[in-house]
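# Coordinate analysis (summary)
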Amino acid sequence: MSRGPYKKVSLSQRSEWYWGWFLIAPTMVGLIVLNIIPIFQTLYLSFFKSGDFGRGNIYVGLDNYRKLLNDPQVWHAVGNTLLYALMVVPTGIALAMITAVLLNRNIKGRVLYRTIYFIPVVAVPAAVTMVWRWLYNSHYGLINYLLSRLNFSTVNWTTDPDIALASIALIGIWSTVGYNMVLLLAGLQEIPKTYYEASEIDGAGKIRQFFVITLPLITPTLFFVVVTSMIQALQVFDVIYMMIDVTNPAYERSVSLVYLFYNNSFKYLNKGYGSAIVMLLLVIIMIVTVIQVKAQRKWVYYMKEG
Amino acid sequence: MKKTGMSMILALVLMLSALTACSGNENKSASETPGGQSVSSSEASPSPDNVASGGEAVTLRFALWDSNQAKGLRKMADEFEGANPGIKINMEVTGWSDYWTMLEASATGGSLPDVFWMHSNEIYRYASNGMLLDLTDRINASDKVDLSKFPEGLVKIYNFEGKQYAVPKDFDTIGLWYNKTLFDQANLKYPDESWTWDDLYNAAKVLTKDGVYGFLAALHNQEGYYNFIYQNGGTVITEDKRSGYDDPKTIEALEFYVNFVREGLSPQVFGDAERADLIANGKVAMGLFGSWNLTGFTENEFMAKNFDVAVLPKKVKQASIYNGLGYAIAHNTKHPEEAWKFVEYLGSKEGQERQAELGIAISAYEGAANLWVSSNPTFNIQKFVDMVQYGVIRPYSNTTIIWEDKVNEALKPAFTGDMSVEEAAKNAAKVMNESLAEEK
């Protein structure tokens, strides 16, 4: 009500505010229009039985959520999604860390190796999956061909319920290592060389240097990588979508939440129920992320600035 | 602490930006009625000649799902463009399953292609929601399209509440493709009209050797178990819209079909694309494939050399699943006159005969099928036309797409051997009836 506080703000401070808002506006507008509004629309839709072509939605209250709780397929999908994340994230980050450390040294052809590791990130996921599908093909795929030449029994990589999810996780790891490696490389280069020089004088070996200097100082980057990889893994869709049909016997054991959402929304034309599945995913991701952020105090080490 | 707050925000932002969920596109076009053509026709120029002289070409979007037919249809579209300067046809090919996702999304967003293929599975949803242009008056006024020249069953598929929403394009039946070379080597007689289920089974047994399977019994309805169900006198959907999967005759047919997999006479195949790969690579000696595969099979050297096609074997009667596509026009097209002109050409005697001549598909127009037969000297495709007399229209209801997929999911454990066929079929009946109960 009172105009008091405004008077205290100097003109230059005010113009600074305006500039600040102006500069973040493009991001904010994009975020609100493309992400935040759709989230609320999805939440809204999850209380409806959707009609054809977005018309004639019928309000059903919590029916979709009630159905969700009693749908074994949803819980299979939750299990599959979490299992996938557990297979992909730790292994993927460990591999990214190892390659980053190796490629941070002065070795011959460093740039070439870095490029090779980064190529899967640039490749189109759909095209990559097509190639992997050929490799995995149980009748004339390259992998099974090699296995049979070596007198091993062949494997149904994409149709055996016990194996399909691991086959998919392998692609997930392969395609994310490069990206995480680049992030970690950037982090490694932030670490001042003087620490290594000092520890060398004190007689520390390479291994000890890694655990005492590199690892603690890379934790801020590592934290970022863990959080983003985790979110990405929980949203796995394209590879499973292209690899596993609804008719695939491994479907139950490999369907992810996003794939299930897709099938319910676009295949079975039940967008309301699909929306409820996505809300469940949102809650799961939120819980996982909050836990990670809370836990970071225990292991993330920020260098003192200045 | 400040750092924690910052990273919390960062993490949230990341989460949001990654979670781009589907938004329920509220349709603004509630006021757009299916009969809106009179409004939009005023926008379209009165005659195409004027358009041509004005130099302003109208581009029609034409959507279809079969890339095998796209080449021939492009040729027809080119010819149509030549005869109708001022109209350009822009073809958009999307694979079968993505096609319907695309069409659904564009219908919801109000940007349907001008002309597109329609299927018996989906016609009800699109027609009942007013997504298609009512063609009844245009057909009646046309001197080129005469529905009485098309098989009645096919015309009926695209008729909803007395209004015609699509012009029949073609029909298709399912044939038994067999490897002649392997039959010769095994000294077996080629399949013919007299073949019964027993002949099929015995031949599959003889032909299964050296890494080749005798028969392809894939988890597939139209090019698979549907045919056997009707040959055995069973049904998929009853007259009063109940599931036929608990009918003992249906179960018996499924048991016969699944048995090929159980006895190792057929590989376990679940993916749609994998089936054609298997036959084209010589991994199976016999398989059921629809007439629309013809172009692809002819182009495949191995198949052209070794394979031929016969009518399906019989049990209590002969049967082959029979279906036909239609050409539909979007309710809100900006160019209804031009779109109709194109569809009228495609459904005319001339267009239908051209389609047959080019070997694109079996034209549904009376007499045109013979032209199709002579378009392909490689295979004995007369058999596809022969089967029309006992063809069974592909079972459909208002929500076919939903229960078809759910039935496939339910039958899956029978194919893997995790469940008895009878139990799986009963589950299929259950999910199908649940889905049918939700139909209005």
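Predicted model only: the values in this text are computed from it and were never measured. (Residues numbered from 1 in each chain as written. Chains lettered and ligands numbered in written order. Predicted model: local features only at pLDDT ≥ 70, side-chain atom pairs only at ≥ 80, totals over all residues. Heavy atoms only, no water.)

### A look at the packing of aromatic side chains
Residues and elements named next belong to chain B. To keep it simple, the criterion reads: The rule is short: rings of Phe, Tyr and Trp, with Trp giving its six-membered ring, pair when the centres are within 6.5 Å, and they are stacked under 30 degrees, edge-to-face over 60, tilted in between. Only DSSP runs of H or I reaching four residues or more are called helices, and only runs of E reaching two or more are called strands; each is numbered from the N terminus. Exposure categories follow from relative accessible area, calculated using a 1.4 Å probe and restricted to protein chains: below 20% of the type maximum is buried, above 50% is exposed, and the middle band is partly exposed.
Counted according to the given criterion, the structure contains 54 aromatic pairs over all chains. Note on Trp-65 and Tyr-99: the rings are 5.1 Å apart at their centroids and 70° apart in plane angle, and the pair reads as edge-to-face. Of the two residues, Trp-65 is situated in the loop between β1 (58–64) and α4 (67–83) and Tyr-99 in helix α5 (residues 96–108); the sequence distance between them amounts to 34 residues. Since its relative accessible area comes to 0%, Tyr-99 is described here as buried.

### Description of the layout of surface pockets
Using the following cut-off: Put plainly, a pocket is an open set of points on a 1 Å grid over the protein atoms alone with protein on both sides within 12 Å along at least five of seven lines, a cavity is a set where a 1.4 Å probe fits but cannot get out, and a lining residue has an atom within 4 Å of a point. Grid points are joined across faces, edges and corners, and a volume is the space filled by probe spheres set on the points. Classification convention: Asp, Glu, Lys, Arg as charged; Ala, Val, Leu, Ile, Met, Phe, Trp, Tyr, Cys, Pro as nonpolar; all other residues, Gly among them, as polar.
The volume enclosed by the second largest pocket comes to roughly 1,500 Å³. Along the walls of the second largest pocket sit 44 residues, with Lys-67 and Asn-270 of chain A together with Ile-402, Lys-406 and Glu-438 of chain B positioned nearest its centre. Across the lining of the second largest pocket, the residue classes tally to 15 nonpolar, 14 polar and 15 charged.

### Some thoughts on the domain arrangement of chain A
Residue and element names in this part refer to chain A. Just so we agree on the cut-off: Boundary definitions for the domains trace back to an automatic or database domain assignment. Whether two residues are in contact is decided by their heavy atoms: any pair within 4.5 Å suffices. Summed over both partners, the accessible area lost on bringing two parts together, with a 1.4 Å probe, is the buried area. Whenever Lys or Arg places a side-chain nitrogen within 4 Å of a carboxyl oxygen from Asp or Glu, that contact is recorded as a salt bridge. In the analysis that follows, any N or O atom pair within 3.5 Å is treated as a polar contact, provided that within protein one partner can donate a hydrogen and the other can accept it, and provided that, for residues neighboring in sequence, both atoms belong to side chains.
In terms of domain boundaries, chain A breaks down into domain 1 (10–59) and domain 2 (63–299). Spacing between the C-alpha centres of domain 1 and domain 2 amounts to 29 Å. With eight residues of domain 1 at the interface, the matching set in domain 2 holds eleven residues. Summing both partners gives a buried area of about 730 Å² for domain 1 against domain 2, and 62% of it is carried by carbon and sulfur. Its largest share of buried area at the contact with domain 2, domain 1 owes to Thr-42, Ser-46 and Ser-50, together 51% of the area lost on that side. Our count for the contact surface shared by domain 1 and domain 2 stands at zero salt bridges. Where domain 1 packs against domain 2, one counts five residue pairs in polar contact (both at pLDDT 80 or more). The greatest single-element share of the side of domain 1 that touches domain 2, amounting to four residues, is contributed by helix α2 (residues 11–45). For the side of domain 1 that touches domain 2, the per-class residue count stands at five nonpolar, three polar and no charged.

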